[in-house]
Amino acid sequence: MEQTYVMVKPDGVQRGLVGEIVSRIEKRGLKIIAMRLNVIAEATAKEHYGEHAERPFFPSLIEFITSGPSVSMVVEGKDSVKVMRAVNGATNPVEAAPGTIRGDFALDVGRNVVHASDSPEAAAREIAIHFKDSEIAVYSRIDEVCLYE
Ligand code: DAT
Ligand code: MG
């Protein structure tokens, strides 16, 4: 089973969307195997978004992502990287399809509510940035016999 890193960004927390977003992940059949609410440290945010360090929006992205509490998760399931990107919708919410989190709850690319890793390699890197091994729970969900063929 594949793992991915998911974040409800500070705008999602402030707007009371944590439950809605967690619910969508759970109902899809994906399993939450780690979860934490905290204010991400600046150095952690810069490491997380390292690939964007040279982009003009990088300073405002770091300021925003560290501006208040966010919820970090490790999510596991079949093709979870691809599935979570689809659940989140397009980066620019204007382009995000209705039914996706961004397509239902966001309008501005700089306030797009959620993050999910864009590849299995990025997922492994991001999970290691945000969680220790001991914070990740290995367990079966009782509905897995119905979810998977
Ligand atoms: P994603 O979050 O879909 O993986 P990304 O990795 O390209 O998208 O960018 C990371 C975040 O940076 C994105 O969620 C919002 C912000 N961002 C991206 N492009 C931006 C832009 N042109 N202007 C402002 N913020 C932007
Ligand atoms: Mg990205």
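Rules used throughout
- Residues numbered from 1 in each chain as written.
- Chains lettered and ligands numbered in written order.
- Predicted model: local features only at pLDDT ≥ 70, side-chain atom pairs only at ≥ 80, totals over all residues.
- Heavy atoms only, no water.
- Core = buried A, V, L, I, M, F, W, Y, C linked by side-chain atoms within 4.5 Å.
- Buried < 20%, exposed > 50% of the residue type's maximum accessible area, 1.4 Å probe, protein only.
- Helix = DSSP H or I, 4+ residues; strand = E, 2+ residues; numbered from the N terminus.
- Contact = heavy atoms within 4.5 Å.
- Near = heavy atom within 4 Å.
- Polar contact = N/O pair within 3.5 Å; in protein donor to acceptor, adjacent residues only side chain to side chain.
- Areas by Shrake-Rupley, 256 points an atom, 1.4 Å probe, with all protein chains shown as cover.
- Nonpolar A, V, L, I, M, F, W, Y, C, P; charged D, E, K, R; others polar.
- Pairing = 2+ DSSP bridges.
- Axes fitted to C-alpha atoms, helices over the stretch in contact; angles between N-to-C directions.

Student: I would appreciate a short explanation of the nonpolar core in the present structure.
Tutor: Across soluble globular proteins, nonpolar side chains show a tendency to be buried alongside one another. Counting 21 residues, the largest nonpolar core has Ile 21, Ile 25, Met 73, Val 75 and Met 84 as its most contacted members. Contributing elements (two or more residues each) for this core: strand E1 (2-8), helix H2 (18-28), strand E3 (70-77), helix H5 (80-88), helix H6 (101-105) and strand E4 (114-116). Once residues lying within four places of it in the same chain are set aside, the contact partners of Ile 21 are Val 8, Ile 101, Val 113 and Val 114. Counting residues in hydrophobic clusters, the runner-up holds 16 residues, among them Ile 33, Ala 34, Tyr 49 and Phe 58.

Student: Sorry if this is basic, but what is going on with the side chain of Ser 80 here?
Tutor: Inspection of the secondary structure assignment puts Ser 80 in helix H5. Here Ser 80 falls in the buried class, since its relative accessible area comes to 0%. Those residues within four positions of Ser 80 in sequence are excluded, and the remaining contacts are Glu 2, Gln 3, Thr 4, Leu 30 and Val 75.

Student: Would you mind going over the site of ligand 1 with me for this structure?
Tutor: All residues in the neighbourhood of ligand 1 are listed as Lys 9, Tyr 49, His 52, Phe 57, Leu 61, Arg 85, Thr 91, Arg 102, Val 109 and Asn 112. Within the contact set of ligand 1, an oxygen atom lies 2.4 Å away from a side-chain nitrogen or oxygen of Thr 91. Contact with the protein chains hides 76% of the accessible area of ligand 1, taken as 510 Å² for the molecule alone. Looking at the shell around ligand 1, its residues break down into 4 nonpolar, 3 polar and 3 charged.

Student: I keep staring at the sheet that holds E1 and nothing clicks. Help me out?
Tutor: Strands belonging to one sheet form pairs held by backbone hydrogen bonds; the direction of such a pair is parallel or antiparallel. One open sheet accounts for 4 strands, arranged E2-E3-E1-E4; its pairing is antiparallel. Edge strands, defined here as strands with exactly one partner in the open sheet, are strand E2 (31-38) and E4. Taken over all neighbouring pairs, the strand axes of this sheet differ in orientation by 15° on average, direction set aside.

Student: How should unusual backbone geometry be read in this particular structure?
Tutor: Backbone phi values are negative for most residues with the exception of glycine, while trans is the configuration of most peptide bonds. Located in the positive-phi region is Asp 79, a residue other than glycine, with phi close to 50°. Along the chain, Asp 79 falls in the loop between E3 and H5. Phi at Val 113 takes a positive value of approximately 75°, unusual for a residue other than glycine. Summarising the element assignment, Val 113 is placed in the loop between H6 and E4.

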